[in-house]
Amino acid sequence: MKLVNDLLDKQLLDRKKVKAGRVDGIILELRDDQPPRVAAIESGFAVVAARVSERWARLAVAIGKRLGVRKTPRYRIPWEKVTDVGFDIEVDVDGINSPLMVWEKWLRQHIPGK
Amino acid sequence: MKNIGQIALGILTAIGGFLEVGTMATSAQAGASFRFSLIWALLLGAVCLIFLIEMTGRHAAVSKHSLSGAVRERFGFPFSVVPRTADIIVNMLLVGAEIGGVAFAIKLLTGYPIMVWAIPAAIVMWLLIWLSTLNIIEYSTAGLGMFAIAFIVAAVKSHPPLHDVARGFVPSLPRDDAAHYWFLAISIIGANVSPYMFHFYSSGAIEEKWDEKSLTMNRVTSLIGMGFGAAIALTVIICSAMVFHPLHIQIDKYEQIAFVLVPTLGKWGIPLFAIILGICCLGAACEISLATAYELAQALGWNWGEDKKPKQEARFALTYTIMLIVGTILMLTGIDPLKLTMLTMALTAVVLPLTVIPFIVLMNDEHYVGKHTNGPIGNTVVVFTIVLTSIVAIVTIPLEIMGGS
């Protein structure tokens, strides 16, 4: 697998196949005398902002704290939870009850109607 | 029925590109100031648009992936953040201009000022998007957009000199006021080839579940939809050239454009113009607000869809709501709608290359489009459009300063 080509920025689908964000970052674990391995994938605006510049990342974290809806600016999904790597990346996570869709959940609770 | 839906999507996309406030303004100014000389700019934009819209539909039908999502996947976030941010800013201005167009249309019918109608117009747009489905928006706007045929009737009745009209299809150098001529040329291209059209068409194709069987119809839709839009825009230039140019009237107010149908259609001219402008701007504002929501949701991987209840796609619904609020606030500042429109058309031209450049990669990537990659003609058009839009982007700001109205 080519990590940047096949994993980074791909669509994340939760266990119900709901669109739950994108793979914003990849966490590699460096091991002695062994090749690095993918430990987790990351999602969150602070993660993508950091890919543009550190200043943007700090700003994203500060705004996130001020708004107070999302508690964690970076959400790590252990690699063991990744169930399929294809056109989209499927993860064994309940999107709406995870930090992936915390804004969506907050808005649903505050939007009137069904 | 699915075929009718496809054509309706094409016509609504074309209304957003060709029949909204930007095209009315740029075409009317072009006809009034330079008679038929700028028809070539319209033709050039239309040909590029027909090809690019067909590619957008083909990409969506085969890959089932949106344009905005594919750009992020293929080029990465640091690249995609630039066009997406630029698009969102320009789209906010555009929504403001379209709300201004609807408010001006109602002003023509009632006499009350634009600022009175900006909020009611935005509420109607918001309700239309919030309560209905994509199909309802497509059918209603595409159907009512047929009022625009009045421009064809008016153009025929004005008996334009066909030889002069035909000469307008060939690019020519201006005899005087070159800066204004070239500014209008790029504004016409900017008004017609707008990035939001690609995102709207691509997302509409996915919402309507197009597949490889839809490809032939996609070609027909691109041709009919964009052809219809370009034909109406052409007749706006002709009508304006026949009405305003002989009187040496330079268009600097929307109120002047409203008279474009009067010499040929008499007392029905102004109400018809108001109805056409109102319907088309309403459709365009819905299209641009939705396109921005699609674009942002797809780039960030949110769940999205106009056919689902707003509560199920809360971030998507919030995005188009914010677009309409910002557009309304813009109009309430008292900004001149025509000046805002002309500025926005030029800015659209500036951001256009950022949207077109990825086409050359995406439409040749078998991972996305399988065996339906671009042929030599398609690639030549994309490269030509990239070069054209890049030149346009570079010269727009200097021309805006020298020749903008």
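Residues numbered from 1 in each chain as written. Chains lettered and ligands numbered in written order. Predicted model: local features only at pLDDT ≥ 70, side-chain atom pairs only at ≥ 80, totals over all residues. Heavy atoms only, no water.

J.: Would you mind showing me how to read the overall build of chain B here?
T.: Within chain B, the secondary structure is distributed over 19 helices and zero strands. Taking 22 Å as the expected radius of gyration for a compact globule of 405 residues, we find that chain B reaches 20 Å, a close match to that expectation. Looking at chain B residue by residue over its 405 residues, the buried ones come to 62%. Counting every atom, chain B has about 14,200 Å² of accessible surface; 73% of that belongs to carbon and sulfur. Here chain B holds 22 positive side-chain charges and 24 negative ones, and the gap between their average locations is 4 Å. (Helix = DSSP H or I, 4+ residues; strand = E, 2+ residues; numbered from the N terminus. Rg over C-alpha atoms; globule rule 2.2 N^0.38 Å. Buried < 20%, exposed > 50% of the residue type's maximum accessible area, 1.4 Å probe, protein only. Areas by Shrake-Rupley, 256 points an atom, 1.4 Å probe, with all protein chains shown as cover. Lys, Arg positive; Asp, Glu negative; His and termini not counted. Charge placed at Lys NZ, Arg CZ, Asp CG, Glu CD.)

J.: Looking at this model, I keep getting lost on the environment of B:Ala349. Mind explaining?
T.: Residues and elements named next belong to chain B. Here Ala349 lies in helix α17 (residues 337-362). Residues Ala349 and Val170, 179 residues apart in the sequence, show an inter-C-alpha distance of 21 Å. Dropping the residues within four chain positions of it, Ala349 is found in contact with Ile186, Gly190, Thr389, Val392, Ala393 and Thr396. (Contact = heavy atoms within 4.5 Å.)

J.: Honestly, the packing of helix α5 (residues 77-110) of chain B against helix α6 (residues 114-131) of chain B in this entry has me stumped. Any pointers?
T.: Packed helix pairs are characterised by how far apart their axes lie and by the angle those axes make with each other. Residues and elements named next belong to chain B. Packing of α5 against α6 leaves a shortest axis separation of 8 Å and a crossing angle of 120°. Judged by the angle between their axes, α5 and α6 are oblique. Considering how the two elements wind past one another, α5 and α6 form a crossing that is right-handed. Of the residues in α6, those touching α5 at Ile99, Val102, Ala103, Phe104, Ile106, Lys107 and Thr110 are Ile114, Trp117, Ala118, Ala121, Ala122 and Met125. (Axes fitted to C-alpha atoms, helices over the stretch in contact; angles between N-to-C directions. Parallel < 35°, antiparallel > 145°, perpendicular 65-115°, else oblique. Left-handed = near helix turned anticlockwise from the far one by under 90°.)

J.: Just to check I follow, could you spell out the sheet that holds strand β4 (residues 34-43) of chain A for this structure?
T.: Sheets are built from strands paired through backbone hydrogen bonds, the pairs being either parallel or antiparallel. All names here are of chain A. Strand order in this open sheet of three strands is β3-β4-β5, and the pairing throughout is antiparallel. Where the open sheet ends on each side, the last strands, each with one partner, are β3 (25-31) and β5 (75-78). Pairs of neighbouring strands in the sheet enclose a mean axial angle of 40°, with direction left out of account. The sheet contact formed by β3 and β4 spans six bridges and is antiparallel. Paired with Ile27 across the strands is Ala40, a residue of β4. (Pairing = 2+ DSSP bridges.)

J.: Help me understand empty space enclosed by the protein, please; the structure alone is not making it clear to me.
T.: Empty pockets left among the atoms are what a rolling probe the size of a water molecule brings to light. Residues and elements named next belong to chain B. Within the structure shown, the criterion is met by one cavity of 30 Å³ or more. Counted as a void, the largest cavity has a volume near 30 Å³. In this structure, the largest cavity is lined by Gly305, Glu306, Lys308, Lys309, Pro310, Glu313, Phe316, Ala317 and Tyr320. Of the residues assigned to the lining of the largest cavity, the class counts are four nonpolar, one polar and four charged. (1 Å grid on protein atoms, 1.4 Å probe; cavity = no way out; pocket = protein on both sides within 12 Å on 5 of 7 lines; lining within 4 Å. Points joined across faces, edges and corners; volume = space filled by probe spheres on them. Nonpolar A, V, L, I, M, F, W, Y, C, P; charged D, E, K, R; others polar.)

J.: Before we go on, may I ask you to explain the nonpolar core in this structure?
T.: Counting residues in each nonpolar core, the largest one holds 141 residues, and the members touching the most others are B:Leu38, B:Met125, B:Phe151, B:Phe273 and B:Leu290. A per-element tally of this core places helix α15 (residues 269-300) of chain B first, with 15 residues. Residue contacts for B:Phe273: discarding those within four places in its chain leaves B:Met24, B:Phe104, B:Leu108, B:Phe151, B:Ile257, B:Ala258, B:Val260 and B:Leu261. Ranked by size, the runner-up nonpolar core spans 13 residues in total, among them A:Val23, A:Ile77, A:Val82 and A:Val93. (Core = buried A, V, L, I, M, F, W, Y, C linked by side-chain atoms within 4.5 Å.)

J.: I tried to follow the layout of surface pockets on my own but got confused; where do I start?
T.: Here the largest pocket defines a volume of roughly 1,400 Å³. Looking at the largest pocket, it is lined by 46 residues, and the ones nearest its centre are A:Phe45, A:Trp103, B:Leu296, B:Leu300 and B:Trp302. Contributions of two or more residues to the lining of the largest pocket are made by β2 (19-22), α2 (45-52), α3 (54-67) and α4 (102-110) of chain A together with α5, α15 and α16 (314-332) of chain B. Of the residues forming the lining of the largest pocket, the biggest block, eight residues, is contributed by α3(A). Empty space within the second largest pocket amounts to approximately 580 Å³. Along its surface, the second largest pocket is lined by 21 residues, and B:Phe34, B:Arg35, B:Ser37, B:Arg175 and B:His245 are the ones closest to its centre. Counting residues per element, the lining of the second largest pocket draws most heavily on helix α2 (residues 21-34) of chain B, which supplies three residues. For the lining of the second largest pocket, the per-class residue count stands at eight nonpolar, seven polar and six charged.

J.: So what exactly am I meant to see when it comes to the packing of aromatic side chains here?
T.: Two numbers describe a pair of aromatic rings. These are the distance of the centres and the angle of the planes. A full pass over the atoms with the stated rule returns 16 aromatic pairs over all chains. Between the aromatic rings of A:Phe87 and B:Tyr368, the centroid separation amounts to 5.4 Å while the plane-to-plane angle is 65°, which identifies the pairing as edge-to-face. In this pair, A:Phe87 sits in the loop between β6 (82-85) and β7 (89-91) while B:Tyr368 sits in helix α18 (residues 366-369), so the two residues belong to two different chains. Pairwise contacts between aromatic rings join B:Phe200, B:Tyr294, B:Trp304, B:Phe316 and B:Tyr320 into one cluster. (Phe/Tyr/Trp six-rings, centres within 6.5 Å; stacked < 30°, edge-to-face > 60°.)

J.: Even after reading the chapter, I still don't get the state of the cysteines, so can you show me in this structure?
T.: Each disulfide is one covalent bond, formed between the sulfur atoms of two cysteines. Residues and elements named next belong to chain B. This structure, assessed with the given rule, holds zero disulfides over all chains. Between Cys239, a free cysteine, and Cys280, which holds the nearest cysteine sulfur, the sulfur-to-sulfur gap is 14 Å. Residue classification places Cys239 among the buried positions, given a relative accessible area of 1%. (Disulfide = S-S within 2.5 Å.)

J.: What is the right way to read the side chain of B:Glu313 from this model?
T.: Topologically, B:Glu313 is positioned in the loop between α15 and α16. Once residues within four sequence positions are removed from consideration, B:Glu313 is found in contact with A:Glu104, B:Asn303, B:Trp304, B:Gly305 and B:Lys308.

J.: Just checking my understanding: could you explain the interface of chain B and chain A for this structure?
T.: Accessible area lost during the coming together of the parts is what is often quoted as the interface size. Contacts between the two partners involve 25 residues from chain B, matched on the other side by 25 residues from chain A. The largest share of the area that chain B buries against chain A comes from B:Glu73, B:Lys311 and B:Arg315, three residues that together contribute 29% of it. On the surface where chain B and chain A come into contact, there are four salt bridges. Here A:Glu104 ties to B:Arg315 by a salt bridge, and the two come within 2.8 Å at their closest N and O atoms. (Buried area = accessible area lost by both parts, 1.4 Å probe. Salt bridge = Lys/Arg side-chain N within 4 Å of Asp/Glu carboxyl O.)

J.: Would you mind showing me how to read the environment of B:Phe169 here?
T.: Residue and element names in this part refer to chain B. Checked against the element boundaries, Phe169 lands in the loop between α9 (162-167) and α10 (178-192). Between the C-alpha atom of Phe169 and that of Gly327, which follows or precedes it by 158 residues, the distance is 35 Å. Apart from the residues within four sequence positions on either side, Phe169 is in contact with Ile39, Trp40, Leu43 and Leu234.

J.: For this particular structure, what's the right way to read the sheet that holds β6(A)?
T.: All names here are of chain A. Across the sheet, four strands lie side by side as β2-β1-β7-β6; this open sheet has mixed pairing. Each of the sheet's edge strands pairs with one partner strand only, and the pair in question is β2 and β6. The mean angle between the axes of side-by-side strands here comes to 25°, regardless of whether they run parallel or antiparallel. Pairing analysis gives three bridges linking β6 to β7, with the strands arranged antiparallel. Within β7, the position partnered with Asp84 by the bridge is Glu90.

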